Amino acid sequence: MMAPPPPPPSQLIDDVTAEILLRLPPDEPEHLFRAALVCKPWLRVLCDPTFLRRYRAYHGAPPLLGLLHRLQVLDGDPSPRFASTTSMPDFPHPGADGRRTRPLDCRHGRVLIHMLGDEDEDEDESARYLVWNPVTGDRHAVPEPDIDWMSYTAAVFCTADGCDHLDCHDGPFRVAFVGSDATWDLIWASVYSSETGAWSTPVSLDNGRDFYVRPRRGALVGDEMYFTITRDTAIGKYDWGKNCLSVVKPPPPSTYYGWVALMTMVDGSLGLAGVEEHSLYLWSRKVNSEGDAEWVLCRIFELETVMPMANLRNGACVVGSAEGVGVIFINTDAGLFTIELKSGQAKKVDKPGVCFSVLPYMSFYTPDRGALLSLARTL
């Protein structure tokens, strides 16, 4: 009678398990958490830093986990809620205690929020900014910049050396702020560093009267932040490395009227999406070796073929984009839709309503080693 074969070494089992778990989809993080609770060996694999690095590298761009909505200024601020787009539960919003909040940006695993205080408080004294990481719960208070603003936008971004931005959490960051003053004569800009805890010296741009910064999410390209302003649908550029402001001519047609989404394209260039009639236009700003730039039309999507455009009173408008996953957000009277640039497919993600700007939250949501190891002791 032959002796039974020896059991395979535990390292081999872990390696095979890791190869299988590596393929769990990151846009449905509940699968990772359920797998981590199957047994201690799986828990050990899923919480191993080497596996987590491989998992993020394997899947590339962080998945879209949820949305924050920015309503039109005259309609007030949105309710304090983080709307999940996956099977995971909503993250508790920092304004859930009743304080008025205004989300400004989601980028590199962080959310930038303007904390406006209670209705009975003096807004000038209570207003401040908060950089919030929904996954870790980390919060970092940011003071007001020394700028007299009337309309504004801002961006938060990771500044860790060598970071691939696949798993940005607790490293250094910056906040770029751009705003128009009450006279509409000047645009002001400044950048905050979490490492110094201070804002840079504000810089201004006088580019003619009666224009202001649109309070919509901008785009980051290298050391530059791009944003839209209300004059011939022009685009502003803030180079925080050189601390200077300038204006960039937008692509045709001018009928977008500011309802565009600025984004970083796959090749690192500045991208723009806008709707004219029932067509979605996707542009890229190409810069040659001599520094000259021109807008190139990349693609046109006929929305009538993928979205319920019939009987819409106000047509459609672009209200945001999710970089890295190739998604554009389109708002219509029928609801909020996503357009996947690769496939051209449309998907309804929210009910009809006023939506001025959509802020997509993208991050890997993987099991927390400490919490799950504590739970594993009960298995």
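That block above? That's the structure.
Residues numbered from 1 in each chain as written. Predicted model: local features only at pLDDT ≥ 70, side-chain atom pairs only at ≥ 80, totals over all residues. Heavy atoms only, no water.

Draft legend 1. Molecular detail of the overall build of the protein chain. Looking only at helices and strands, one finds 6 helices and 24 strands in the protein chain. Split into buried and exposed, the 379 residues of the protein chain put 49% on the buried side. Expressed as a percentage of contacts within the protein chain between residues at least 6 apart in sequence, the contacts between residues at least 24 apart total 51%. Looking at the protein chain as shown, the accessible area adds up to about 18400 Å², and 52% of this sits on carbon and sulfur atoms. (Helix = DSSP H or I, 4+ residues; strand = E, 2+ residues; numbered from the N terminus. Buried < 20%, exposed > 50% of the residue type's maximum accessible area, 1.4 Å probe, protein only. Contact = heavy atoms within 4.5 Å. Areas by Shrake-Rupley, 256 points an atom, 1.4 Å probe, with all protein chains shown as cover.)

Draft legend 2. Looking closely at unusual backbone geometry. The backbone of His108 shows a phi angle near 55 degrees, a positive value even though the residue is not glycine. Note on placement: His108 falls in the loop between β3 (100-107) and β4 (110-117). Unlike most non-glycine residues, Asn243 shows phi in positive territory, near 55 degrees. Turning to its location among the elements, Asn243 is positioned in the loop between β14 (235-239) and β15 (244-248). On the basis of relative accessible area, Asn243 is assigned to the partly exposed category, the value being 25%.

Draft legend 3. Layout of the sheet that holds strand β18 (residues 279-287). Overall, antiparallel pairing links the 4 strands, which are arranged β16-β17-β18-β19 in an open sheet. Both edges of this open sheet fall to β16 (260-264) and β19 (293-302), since each of them pairs with a single strand only. Going from strand to strand, the sheet's axes swing by 25 degrees on average, the running direction of each strand aside. Relative to β18, strand β17 (residues 270-276) runs antiparallel, the two sharing 7 bridges. Residue pairing in the sheet places Gly271 in a bridge with Ser284 of β18. (Pairing = 2+ DSSP bridges. Axes fitted to C-alpha atoms, helices over the stretch in contact; angles between N-to-C directions.)

Draft legend 4. Representation of the packing of aromatic side chains in the model. Scanning all chains against the criterion turns up 10 aromatic pairs. With centroids separated by 5.6 Å and ring planes inclined at 20 degrees, the aromatic side chains of Tyr152 and Phe177 adopt a geometry described as stacked. Placement of Tyr152 in strand β7 (residues 151-158) and of Phe177 in strand β8 (residues 173-180) is noted, with a sequence separation of 25 residues between them. A relative accessible area of 0% places Phe177 in the buried class. Ring plane angle 55 degrees and centroid distance 5.6 Å describe the contact between Tyr192 and Trp199, whose orientation is recorded as tilted. Each member of the pair Tyr192 and Trp199 is classed as buried. (Phe/Tyr/Trp six-rings, centres within 6.5 Å; stacked < 30°, edge-to-face > 60°.)

Draft legend 5. Spatial organisation of the nonpolar core. Of all hydrophobic cores here, the largest spans 19 residues; its most connected members are Val178, Ile187, Phe227, Tyr238 and Leu245. Breaking this core down by element, the ones donating at least two residues are β7, β8, β9 (186-193), β11 (203-206) and β13 (224-228). At 3 residues, β9 tops the list of elements feeding residues into this core. Every residue in contact with Ile187, bar those within four places of it in the chain, is listed here: Val178, Gly179, Ser180, Val203, Ser204, Leu205, Phe211, Val213, Phe227, Ile229 and Leu245. (Core = buried A, V, L, I, M, F, W, Y, C linked by side-chain atoms within 4.5 Å.)

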